[in-house]
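Residue-level structural notes
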Amino acid sequence: MQHVKLLMNIILLVLGHSVSYAARDIRILGRTAIAPAQAAAGPVASIDNSGIGAVSGLGVNWGTVTYHPLPIDTVVQLLKDNNIKKLKLFGVEHEILTALAGSDIEVMVTVTNDHLADMGSFDAVKEWVKVNLIHYLELKKGVNIAYVAVGNEPFLKDYNGKYNNVVFPALKNIQNALNAANYSRIKATIPINADVLYSPDINHVPSAGVWREDIADLMDQIVAFYHNNSAPFTVNIYPFLSLYYGKGKFPVDYAFFDGNSNPLMDNGAAYTNVLDANYDTLVTVLNKAGYKNMPIIVGEIGWPTDGDINANATLAQKFYKGLVKNLATKKGTPLRPNDQMNVYLFGLIDEEGKSILPGDFERHWGIFTYDGQPKFELDITGKGGKNTLVGAKDVKYLSKQWCVVSPSVTNKTALEANADYACKNADCTSLGNGSSCSNLDYLGQASYAFNSYYQNFIQQSASCHFDGLATITTEDPSSGSCKFDVQLAPAPVPVAPAPEPAPAPVPDSAAGPSNSPSGSPSDQSAKSESVRSAFLSIATIVSLLFGLSAFHSL
C-alpha cells in the first residue's frame, strides 16, 4: 500500500507537465557569420509512386529556417511527386503560396505569435485577410488555403500569459473576417501545447483530463467558438520528446506503435502508445465541455534522424511506418475508435538554421535531407508494396570538393580551437554524443567542422584556411552514416535584359535601360516558426505505472 501511495505522490508531481520550450522560438538567424576573407585568420533509393496519393489524413510541415534553401519550385514539385496533399506553413509566405497556385495541395498558413496583437482590430484583420489570404485564393489558379493557424502554442506556461489576452480576439477576428468575405470554409485554429491540460492529483489517466485552471474559462470560450464555426482543435504531439526527456527511464516501446504487453488501463481502455494516450486526454476534455464530435488535428508529430542517440533514421522509419499504418487502417484511439486521425508530419526538410537550445536534433526533423532526398524508405500511401518516398529532381550542387584537415597537421590545440570556431559559424550537430558522426577521431571531427564551414560559405577558397590547418580535397571523406555534405548551388542573381537598339536617335529622349546587373535573389531568409513542445504527462504516467522511475525535471 505504501508503494502505491508513493507512486501516486510522484505521479501528481508530473501530470500535465510539458517541455519548457519557449526556447524553440529562438532562432539564430540574427547570427553574424564572419565572411570567409575575414575568417581565414581566425580560430536511399527511390521508386516513383506517381498517381498514388498519401494516406488520407497525412500532411507535412514545411519549415524554412535554413541558410541554403532548395528552390521553392523544387520543393513544391517534391510535394507533388510524393502526392502529398496537405501542407502546413509557419507563416504567410508569398513565394511559397505563389508557387502552390494551381495545385490541389491543401494549405494551412500561420499568424505568428508576434503578430497576434496586430489582430485585435476587426477592420485591420479584414484588410489582412484580403491581402494575405483572399489575394491567393482568387488568383487565376488559386491556392487551396483551408486553415489559418492562429499563433503556435501561445498558452505555453513559459510565456507567463504573454499572449492570453490577444489570442482569442485574434481567432475571432480572423474567422469572422473570413466569414464576412464568404470564405467560411476556411477555419481558424490555435495549435496548442500539452500544458493546457492536466489531470487531478488522485486520478492520472486520460479519462480524468481537464483544462489547466488558469485558462480553463478561456479554453471553454475558444472551443465554443470552434463549435459554432465547425472549426478543429489543433494540438502538437511529440513521442520522441517524451523519450528524450525521459533520460533513459521512459519505456521506449510506448513511443512506437508495435503494441505492448503491459498497456496502461483506463476504465477498460488499453493504451499501448503515447500518441493514443495524449490524444484521448484531449478527447476527454472536449467531451466534458460538451463537444464529443469536435474534429482534432495533430499539427505536428515527427521523429528526428540525428543529434541524439535515439534520433536516427532507423527509429524514425519505425515510427513513421507505424504511424502511417495506423492512419491507413483508421484504427483510431480507444475513445475515438475507427476514426480517421489527421496529422501533419514534422517536418518536410531539415533546417540547419534552427536554434539547438532544445537539443542538437532540432536541425534534423525532416523526412528529407537538406537537398530533398529521402532519408529512408517510407510508404506514405499506406497501400504497401514498393511505394516509397521520391527525392527532389534536378538539384544543383556546388563542386564535389570538401575542406579537411591537412595531412601535415600536428598541433592538436590549434586544430581544436579552429574546429570550435568553425562550428560557431556552421552546423556541427552531427558530431554530438550518439549522433551520426560521433565516432570520428579528433582529426575527423575537425575535418567535419572545417567542411561544414566551407560549404556554409559556398566553397569560397578563403573559407578553407584555418591558420593553414586545412586543405581542399576532391575525395569524399564521408564514412558510414557520417556524411560530409556538398552544399547546394546558390540561385543565380536575376539580371536585367540588355536594351533593344533604338530605331534612330531622338533628341531629348529619355535614356534606355542599362544592361548592368539589377535585381537580387528572392529573400530566402527563414520565416517565423513558433514554439513546439511535447505532450509528456501521459508518457510519464505510463512509465510510473509500470514500476519505472519518474522523470519531471528538464
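Coordinates for the structure precede this section.
Right, let's walk through the structure included here.

Rules and cut-offs
Residues numbered from 1 in each chain as written. Predicted model: local features only at pLDDT ≥ 70, side-chain atom pairs only at ≥ 80, totals over all residues. Heavy atoms only, no water. Helix = DSSP H or I, 4+ residues; strand = E, 2+ residues; numbered from the N terminus. Buried < 20%, exposed > 50% of the residue type's maximum accessible area, 1.4 Å probe, protein only. Areas by Shrake-Rupley, 256 points an atom, 1.4 Å probe, with all protein chains shown as cover. Axes fitted to C-alpha atoms, helices over the stretch in contact; angles between N-to-C directions. Parallel < 35°, antiparallel > 145°, perpendicular 65-115°, else oblique. Contact = heavy atoms within 4.5 Å. Nonpolar A, V, L, I, M, F, W, Y, C, P; charged D, E, K, R; others polar. Core = buried A, V, L, I, M, F, W, Y, C linked by side-chain atoms within 4.5 Å. Disulfide = S-S within 2.5 Å. Expected span 1.5 Å × (residues − 1). Polar contact = N/O pair within 3.5 Å; in protein donor to acceptor, adjacent residues only side chain to side chain. Pairing = 2+ DSSP bridges. Salt bridge = Lys/Arg side-chain N within 4 Å of Asp/Glu carboxyl O. Phe/Tyr/Trp six-rings, centres within 6.5 Å; stacked < 30°, edge-to-face > 60°. Lys NZ or Arg CZ within 6 Å of the ring centre and 35° of its normal.

Here's the deal with the overall build of the protein
- Tallying secondary structure elements over the protein gives 13 helices and 15 strands in all.
- Taking all 554 residues of the protein together, 54% fall into the buried category.
- When the accessible surface of the protein is summed, it comes to about 23700 Å², and 51% of that surface belongs to carbon and sulfur atoms.

Here's the deal with the packing of helix α6 (residues 164-180) against helix α7 (residues 216-228)
- With their axes 11 Å apart at the nearest point, α6 and α7 run at an angle of 10° to one another. The pairing of α6 with α7 is recorded here as roughly parallel in orientation. For the pair α6 and α7, the contacting residues are N164, F168, L171, K172, Q175 and N176 in the first and L218, Q221, I222, F225 and Y226 in the second.
- The class makeup of the residues in the contact of α6 with α7 is 6 nonpolar, 4 polar and 1 charged.

Comments concerning the nonpolar core
- W62, W211, F233 and W303 are the most contacted members of the largest nonpolar core, which totals 116 residues.
- By size, the runner-up hydrophobic cluster in this structure holds 28 residues, among which are C428, C437, F466 and V486.

Re the state of the cysteines
- For the coordinates displayed, the defined rule picks out 3 disulfides.
- Covalently, C403 is tied to C464 through a disulfide, its sulfur atoms 2.0 Å apart. The chirality of the disulfide connecting C403 with C464 is right-handed, given an S-S dihedral of about 90°. With C403 in strand β14 (residues 402-405) and C464 in the loop between α12 (442-456) and β15 (470-473), this pair connects stretches of sequence that are 61 residues apart. Neither residue differs from the other here; C403 and C464 are each classed as buried.
- The cystine pairing of the protein, numbering bonded cysteines in sequence order, is 1-5, 2-3, 4-6.

Re helix α11 (residues 412-424)
- Relative to the 18 Å expected for 13 residues at 1.5 Å per residue, α11 spans 19 Å between its end C-alpha atoms, a close match to the ideal helical length.
- Put simply, N411 is the residue that caps the front of α11, since its side-chain oxygen is 3.2 Å from the backbone nitrogen of T413.

Things to note about the sheet that holds strand β12 (residues 296-301)
- Strand order in the open sheet formed by 9 strands is β5-β4-β3-β2-β1-β13-β12-β9-β6, and the pairing between neighbours is parallel. For this open sheet the edge positions go to β5 (187-189) and β6 (191-192), each flanked by a neighbour on one side alone.
- With 4 bridges joining them, strand β9 (residues 233-236) and β12 adopt parallel strand pairing. Each residue of the ladder has a partner; that of N236, found in β12, is E300.
- Across the sheet, α6 lies against β3 (106-111), β4 (144-150) and β5, angled at about 160° from β4, the strand it touches most.
- Each of β9 and β12 touches helix α9 (residues 274-288); the most contacted strand, β12, lies at about 145° to it.

A short note on the pattern of salt bridges
- Per the counting criterion, the structure on display carries 10 salt bridges.
- The closest approach of N and O atoms between K85 and D104, which form a salt bridge, is 3.3 Å. Here D104 lies in the loop between α4 (94-100) and β3 and K85 lies in the loop between α3 (72-81) and β2 (86-89), a separation of 19 residues in the sequence.
- Across the pair D427 and R363 runs a salt bridge whose closest N-O atoms are separated by 3.0 Å. On the criterion of sequence distance, the pair formed by D427 in the loop between α11 and α12 and R363 in the loop between β13 (342-345) and β14 is long-range, its members being 64 residues apart. Accessibility assignment for this pair places D427 and R363 in one class, buried.
- A cluster of three or more residues bridged by salt bridges with shared partners is formed by D195, R212 and D214.

A look at the packing of aromatic side chains
- For the structure on display, the rule yields 25 aromatic pairs.
- Look at Y244 and Y245: their rings are 4.9 Å apart centre to centre, the planes differ by 90°, and that puts the pair in the edge-to-face class.
- Ring geometry for F450 and F466: centres 4.2 Å apart, planes at 5°, overall stacked. With a gap of 16 residues between them, F450 in helix α12 and F466 in the loop between α12 and β15 connect regions that are remote in the sequence. In this structure, F450 and F466 share a single accessibility class: buried.
- Here the basic side chain of K172 rests over the ring of F168, its NZ or CZ set 4.5 Å away from the ring centre.
- In this structure, K412 packs its charged tip against the face of Y442, placed 4.6 Å from the ring centre.

Quick word on α9
- Counted at 1.5 Å a residue, the expected span for α9 with its 15 residues is 21 Å, and the 21 Å between its end C-alpha atoms agrees.
- Of all 15 residues making up α9, 13 are buried, and the element is well covered by its neighbours.
- One side-chain oxygen of the residue at the start of α9 lies 3.1 Å from the amide nitrogen of L275, identifying that residue as N273.
- Looking at the residues trailing α9, positive phi occurs at G290, about 95°.

Quick look at the environment of D441
- Relative to the helices and strands, D441 is located in the loop between α11 and α12.
- At 3.2 Å, the side chain of D441 and the backbone nitrogen of L443 are in polar contact.

Some details on the side chain of T429
- Considering the arrangement of structural elements, one finds T429 in the loop between α11 and α12.
- At 2.6 Å, the side chain of T429 and the side chain of H364 are in polar contact.
- With residues up to four places along the chain from it excluded, the contact list for T429 reads G307, I356, D360, R363, H364 and S435.

Examining the pairing of strand β1 (residues 58-62)
- Where burial is concerned, most of β1 is hidden: 5 out of the 5 residues are buried.
- On β1, burial covers both faces: L58, V60 and W62 on one face and G59 and N61 on the other are all buried.
- The pairing of β1 with β13 spans 3 bridges and is parallel. Its bridge partner being in β13, G59 is matched across the sheet by Y344.
- Examined bridge by bridge, β1 and β2 share 3 bridges and lie parallel to one another. Residue pairing in the sheet places N61 in a bridge with K88 of β2.

Description of unusual backbone geometry
- That bond from F346 to G347 is cis: its omega, 0°, falls within 30 degrees of zero.
- As for its position among the elements, G347 is in the loop between β13 and β14.
- A positive phi angle, close to 65°, is found at N182, a residue other than glycine.
- Unlike most non-glycine residues, N338 shows phi in positive territory, near 55°.

Remember, this is a structural readout, not a statement about activity or role.
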